[in-house]
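Per-entry structural report
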Amino acid sequence: DDKFVDVTDSEQIPPDGAIIVSLSQWRTHAAALRGRDLGILLRSDESPDQIADDLSAFSIIALEFPVFRDGRAYSYARILRESYGYTGELRAVGDVLLEQLHFMIRVGFDAFELQGDDPEGAWQIAAEEFSAWYQPGADARPTAMQLRRQKP
């Protein structure tokens, strides 16, 4: 269940409740929004550098995948986790493909908006695809080489 309401396309921001706002809305209404249960949506052309000083205001940062071939959100997730130390929820939204969920986790995503009738079933399918990784990632899972070295 998601208590957050996406108001990024709304003219008016509700006076209470958990909401996700756009970067534009944040810039315009930051003073009034501080202290709320708040998330922000960064579109693929909006760098996390633009909110770096305000990260503590957001429970969720939603990063948009507008189309399959636009992977800037991967870089943004890793920057938010590793460079800025963001510990809140990173949510992948937009064209989120089942085949890419593991890669999204590796760079720091921990929530996804999946399309379809059975998103939990889709997640289970994706979760069973991989058991080892070759490269280190933001999720701190051991690499295949590290796992090999642990064996007697």
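Quick note: structure is the one above.
The present account deals with the structure reproduced in this document. Just so it is clear, the structure is predicted and the values come from calculations on it, not from any experiment.

Further remarks concern the side chain of Glu46. Within the secondary structure, Glu46 is located in the loop between β3 (38-42) and β4 (60-65). One buried charged side chain, Glu46, makes no salt bridge at all; its nearest oppositely charged neighbour is Arg43, positioned 5.3 Å away. A polar side-chain atom of Glu46 sits 2.9 Å from the main-chain amide nitrogen of Arg43. In contact with Glu46, other than residues within four places in its own chain, are Leu23, Leu41 and Tyr76.

With that out of the way, let us pick up the pattern of salt bridges. Two side chains with opposite charge may pair up if their charged atoms get near one another. The full count for this structure, using the stated rule, is 10 salt bridges. One salt bridge connects Arg72 with Asp70, and the closest N-O pair in it is separated by 2.7 Å. Relative accessible area serves as the criterion here: at 11%, Asp70 is assigned to the buried category. Two residues, Glu113 and Arg91, come together in a salt bridge whose shortest N-O distance is 3.7 Å. You can see Glu113 sitting in the loop between β6 (111-112) and α4 (119-127) and its partner Arg91 sitting in strand β5 (residues 89-94), a full 22 residues away along the chain. What emerges from the salt-bridge pattern is a single network uniting Asp2, Glu89, Arg91 and Glu113.

Moving on, we get to the pairing of β5. Remember that side chains alternate between the two faces of the sheet whenever the strand is regular. As judged from the six bridges shared by β4 and β5, these two strands associate in the parallel manner. Note that in β5 the partner of Ala62 across the bridge is Arg91. Traced from β4 through helix α2 (residues 72-83) to β5, the parallel crossover comes out right-handed. Across two bridges, the pairing between β5 and β6 is parallel. Looking at the pairing, Arg91 lines up with Ala111 of β6.

Analysis parameters
- Residues numbered from 1 in each chain as written.
- Predicted model: local features only at pLDDT ≥ 70, side-chain atom pairs only at ≥ 80, totals over all residues.
- Heavy atoms only, no water.
- Helix = DSSP H or I, 4+ residues; strand = E, 2+ residues; numbered from the N terminus.
- Buried < 20%, exposed > 50% of the residue type's maximum accessible area, 1.4 Å probe, protein only.
- Lys, Arg positive; Asp, Glu negative; His and termini not counted.
- Salt bridge = Lys/Arg side-chain N within 4 Å of Asp/Glu carboxyl O.
- Polar contact = N/O pair within 3.5 Å; in protein donor to acceptor, adjacent residues only side chain to side chain.
- Contact = heavy atoms within 4.5 Å.
- Pairing = 2+ DSSP bridges.
- Right-handed = clockwise from strand over helix to strand, strands pointing away.

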